[in-house]
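In case you want the letters, here they are:
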Amino acid sequence: MIKLVLGGARSGKSEFAEDIYKGIDDVTYIATAKAIDKEFANRIALHKARRNAKWTTIEAYKDFVCLDMKTKYYFLDDVTNMLTNILFDHIGDRDITDEDASLVEKLVIDEFMALFKNIKEMGADLIIVSSELGAGLVPEAKLSRLFRDMHGKVNQYIAKNADEVYYVIASIGVKIK
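Residue numbers restart at each chain and count upward from 1, following the sequence in its written direction. Totals for whole chains, interfaces and linings use all residues, but because this is a predicted model, local features are given only for residues with pLDDT of at least 70 and pairs of side-chain atoms are given and counted only at 80 or more. Computation of side-chain values covers all heavy atoms of the structure but excludes hydrogens and water.

Visitor: What should I look at first to understand the environment of Ile 172 in this one?
Guide: If you trace the backbone, Ile 172 turns up in strand β7 (residues 172–175). When a residue's accessible area, from a 1.4 Å probe over protein chains only, is under 20% of the maximum for its type it is buried; when over 50% it is exposed; and in between it is partly exposed. Overall, the relative accessible area of 56% leaves Ile 172 in the exposed class. With 160 residues separating them in the primary sequence, Ile 172 and Gly 12 have C-alpha atoms 7.6 Å apart. Segments assigned H or I by DSSP are reported as helices when at least four residues long, segments assigned E as strands when at least two residues long, and all are numbered from the N terminus.

Structure representation (structure tokens):
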């Protein structure tokens, strides 16, 4: 079973998704964020403190085929950080091109293809948390526009392959698939 939980910034999507596995101790949590500054390190610490202490945490945002997958339940938080990390691994400090965006989108979708294959072969469950970026204004900067577009296409891929999709607004989740 693959579940996608979407929502805006600070919508409560991670907490909503974590509650799906409430009472389950045998969960592998795939944390995709990097502590790039003190403020972000504090956010990561809050996430760690909130979740079940018995869950195993793996810090990874790519190379999912190399993960040592031993549990029945998996939780990936989140796609936005994953995409950001892979994008900047690829472009570094230079300006992004349309070709870069297409390649990074493909790399991220390939990661999910491999992960979904493993999850299905194992008969495991996976919850994926992702931000919804397409409901706002069109960003002014090219990087922001391309990021929003890549993210939207990745979310579409995940949603099409998920068994269930939820949208979270103000900590209330609504099942949309």
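Visitor: Would you explain the sheet that holds strand β1 (residues 2–7) in this entry?
Guide: Paired through backbone hydrogen bonds, the strands of a sheet run either parallel or antiparallel to each other. Two strands make a pair as long as DSSP finds a minimum of two bridges between them. Reading across the sheet, the 7 strands line up as β3-β2-β4-β5-β1-β6-β7 and stay open at both edges, with mixed pairing between neighbours. This sheet does not close on itself; its edge strands, each paired only once, are β3 (56–59) and β7. On average, each strand axis in the sheet is inclined to that of its neighbour by 20 degrees, with strand direction left out of account. Inspection of the sheet shows strand β2 (residues 27–31) paired to β3 by 4 bridges, in the parallel sense. Bridging from a neighbouring strand, Tyr 29 pairs with Thr 57 of β3. Interaxial angles span 0 to 180 degrees and are taken between N-to-C directions of axes, which are lines fitted to C-alpha atoms, for helices over the stretch in contact.

Visitor: Sorry, what's going on with a nonpolar patch on the surface here?
Guide: Residues form patches when they are more than 30% accessible in relative terms and have no salt bridge. Like charges link within 9 Å. Nonpolar side chains (Val, Leu, Ile, Met, Phe, Trp, Tyr) link within 5 Å. To measure how exposed things are, a 1.4 Å probe is used in the Shrake-Rupley method; for residues, cover is taken only from the protein chains shown. Basic side-chain nitrogens of Lys or Arg form a salt bridge, by our definition, when they fall within 4 Å of a carboxyl oxygen of Asp or Glu. Judged by side-chain polarity, Ile 172, Val 174 and Ile 176 come together as a nonpolar surface patch covering roughly 290 Å² of accessible area. Its relative accessible area of 43% is what places Val 174 among the partly exposed residues.

Visitor: Explanation requested: the side chain of Glu 111 in the structure shown.
Guide: Tracing the backbone through its elements, the reader meets Glu 111 in helix α4 (residues 98–122). Charge convention: Lys and Arg are scored as positive, Asp and Glu as negative, and His as well as the terminal groups of each chain are ignored. The side chain of Glu 111 sits in the buried core without any salt bridge; Lys 62 is the nearest counter-charge, 7.5 Å away. Whether two residues touch is decided by their heavy atoms; if any such pair falls within 4.5 Å, the residues are in contact. Non-local contacts of Glu 111, meaning those with residues more than four positions away in its chain, are made with Lys 62, Asp 63, Phe 64 and Met 82.

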